[in-house]
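Structure at a glance
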Amino acid sequence: MQKTYILAIESSCDDTSAAVLCNDKVLSNEVANQEVHKQYGGVVPELASRAHLQNIVPVVAQALKKAGVNKEELSAIAFTRGPGLMGSLLVGTSFAKSLSMGLHIPLIEVNHMQAHILAHFIDEGQAKPQFPFLAMTISGGHTQIVKVNSFFDMEVLGETLDDAVGEAFDKTAKILGLPYPGGPLIDKYAQEGNPKAFQFSQPNIAALNFSFSGLKTGILYFIQKHTADNPNFITEHLADICASVQHTIVEILMKKLKKAVQQTGIRQVAIGGGVSANSGIRTALQSMGEKHGWKTFVPKFQYCTDNAAMIGIVGYYKFLQSDFTQQGVTAQPRLPISQLAN
Ligand code: KG4
Ligand code: ZN
């Protein structure tokens, strides 16, 4: 089999990442997290693009070195065109364009959310979903249920009408005084808490859509009320609060997934995006699968949060179709997954 080497670059938000793939296998996947945002309680776009500028050259060099691949051996450069933060996307886009021009190799644009879904096709010897399958993309910017018809044909069946589920985790963490990004910390404390300790009301949203802004407000009022009575309420009940919030979010997500399976009759269900690293969601999906006879697909941790390996796998499948991008391409902060065809 012919060997295709793809260098992939991801810079849509606050992680600078570069990966090298040989066909559908990952040779390296380097991620530089930006610590600078912690003190602000969220991503500051201007600081993110500056940090990408500082990180991109060393991260790409490290990815090539770890893979043991020379620039001259590369078959193509894949990069995230969108969706994401404009300033952040511009850094990866410009870098990829220049490198492809300098090396005289094809350039391949990738949709970030398509990549979160197709991360399941990175070959590590595991079972892969078969088309069509359902994918729930859950990240800091998105919450969607997608019908995946093929690598390049995806339909959004439902999505959030306001906040993304990652925001619900991060904003709850902020209310609790935890640093950004709070999702992983809520997950950690939740493991020692009682998920039924506190009750939060769940939104009643039509069809396969979601809403998380009401939950966030509910949590804020709950904390304000209890800390007025007891200033130590958060520290005394942190694990129970985190477990209860996580339990509520998991229930909201699983109810909609169940509905999506009932509506479509598709019984293969995958999750993707940063929030799919959440232990409560991973366990819940697995047990839903066992209970209802679904085949479930949960990504490896390193392919959940933003990473360039997932950009590389899409790049590889586009390379096989000679689906290349012209040098005139620009970064695109809004790039719907339902419009993947060029
Ligand atoms: O996909 P991602 O890395 O970036 C975007 O494309 O948005 O997702 C980041 C989101 C953040 O909101 C972060 O708090 C959340 O994923 N996250 C988690 C966990 N790990 C990351 N949320 C809950 N539990 C986790 N273990
Ligand atoms: Zn992402």
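Treat the numbers as computed from the prediction; the structure is a model and nothing was measured.

Along its sequence, the protein is organised into domain 1 (5–119 + 303–339) and domain 2 (128–299). Spacing between the C-alpha centres of domain 1 and domain 2 amounts to 27 Å. Contact residues are listed per partner, giving 20 residues for domain 1 and 21 residues for domain 2. Here domain 1 and domain 2 share an interface that buries about 1800 Å² over both sides, 77% of which is from carbon and sulfur atoms. Viewed at the interface, domain 2 and domain 1 are joined by 0 salt bridges. Of all the elements in the fold, those that place two or more residues in the side of domain 1 that touches domain 2 are helix H3 (112–118) and helix H9 (309–320). Looking at the side of domain 1 that touches domain 2, the element that brings in the most residues is H3, giving 5 residues. Looking at side-chain class alone, the side of domain 1 that touches domain 2 contains 10 nonpolar, 7 polar and 3 charged residues.

Taken together, 19 residues lie near ligand 1, and Gly140, Asp170, Asp187, Gly274 and Asp306 sit nearest. Between ligand 1 and Gly141 there is a distance of 3.4 Å, counted from an oxygen atom to a backbone nitrogen or oxygen. In the complex, 90% of the free accessible area of ligand 1, which totals 550 Å², lies under the protein chains. Of all elements in the fold, only H3, helix H4 (165–175) and helix H5 (183–190) reach the threshold of two or more residues within the shell around ligand 1. Of the domains in this structure, domain 1 (5–119 + 303–339) and domain 2 (128–299) are the two that each give at least three residues to the shell around ligand 1.

The next subject is the packing of H4 against helix H7 (residues 233–264). Viewed as axis vectors pointing N to C, H4 and H7 meet at an angle of 165 degrees, and their least axial separation amounts to 11 Å. In this view, H4 runs roughly antiparallel relative to H7, as classed from their interaxial angle. Here H4 runs over H7; the crossing is right-handed. Together, Val165, Ala168, Phe169, Thr172 and Ile175 of H4 and Ile234, Val245, Gln246, Ile249 and Leu253 of H7 make up the contact between the two elements.

What follows deals with the UniProt feature "domain: Gcp-like" (unreviewed entry) in the protein. As annotated by UniProt and renumbered to match this structure, "domain: Gcp-like" (unreviewed entry) occupies residues 25–312. In this annotation, residues 25–312 is assigned 47% helix and 17% strand; the end-to-end C-alpha distance for the span is 9 Å.

This part is about the layout of surface pockets. The calculated volume of the second largest pocket comes to roughly 230 Å³. What lines the second largest pocket is a set of 14 residues, among which His120, Gln126, Val298, Pro299 and Lys300 lie closest to the centre. Partitioned by chemical class, the residues of the lining of the second largest pocket number 8 nonpolar, 4 polar and 2 charged.

Attention now goes to the sheet that holds strand S6 (residues 133–138). Two pairing modes exist for strands in a sheet, parallel and antiparallel, and in both the strands are linked by backbone hydrogen bonds. Ordered in space as S8-S7-S6-S9-S10, the 5 strands form an open sheet in which the pairing is mixed. The open sheet has two edge strands with one neighbour each: strand S8 (153–159) and strand S10 (295–297). Ignoring which end each strand starts from, the neighbouring axes of this sheet average 25 degrees apart. For strand S7 (residues 143–150) and S8, the ladder comprises 6 bridges, and the chain directions are antiparallel. In the strand pairing of S8, Lys147 is matched with Glu155.

Another point: the pattern of salt bridges. Using the criterion set out here, one finds 12 salt bridges in the structure. Across the pair Lys147 and Glu155 runs a salt bridge, and its minimum N-O distance is 3.8 Å. For Lys147, a relative accessible area of 22% gives the class partly exposed. One salt bridge connects Lys171 with Glu167, and the closest N-O pair in it is separated by 3.2 Å. Of the two residues, Lys171 and Glu167 are both situated in helix H4; the distance of 4 residues between them amounts to about one turn of the helix. We classify Lys171 as partly exposed; its relative accessible area is 29%. What makes Glu167 partly exposed here is its relative accessible area of 24%. In this structure, a network of salt bridges that share partners links the residues Asp24, Lys25, Asp123 and Lys128.

Cut-offs applied
- Residues numbered from 1 in each chain as written.
- Chains lettered and ligands numbered in written order.
- Predicted model: local features only at pLDDT ≥ 70, side-chain atom pairs only at ≥ 80, totals over all residues.
- Heavy atoms only, no water.
- Domains from an automatic or database assignment.
- Contact = heavy atoms within 4.5 Å.
- Buried area = accessible area lost by both parts, 1.4 Å probe.
- Salt bridge = Lys/Arg side-chain N within 4 Å of Asp/Glu carboxyl O.
- Helix = DSSP H or I, 4+ residues; strand = E, 2+ residues; numbered from the N terminus.
- Nonpolar A, V, L, I, M, F, W, Y, C, P; charged D, E, K, R; others polar.
- Near = heavy atom within 4 Å.
- Polar contact = N/O pair within 3.5 Å; in protein donor to acceptor, adjacent residues only side chain to side chain.
- Areas by Shrake-Rupley, 256 points an atom, 1.4 Å probe, with all protein chains shown as cover.
- Axes fitted to C-alpha atoms, helices over the stretch in contact; angles between N-to-C directions.
- Parallel < 35°, antiparallel > 145°, perpendicular 65-115°, else oblique.
- Left-handed = near helix turned anticlockwise from the far one by under 90°.
- UniProt positions renumbered as here; feature names shortened; annotations may be inferred.
- 1 Å grid on protein atoms, 1.4 Å probe; cavity = no way out; pocket = protein on both sides within 12 Å on 5 of 7 lines; lining within 4 Å.
- Points joined across faces, edges and corners; volume = space filled by probe spheres on them.
- Pairing = 2+ DSSP bridges.
- Buried < 20%, exposed > 50% of the residue type's maximum accessible area, 1.4 Å probe, protein only.

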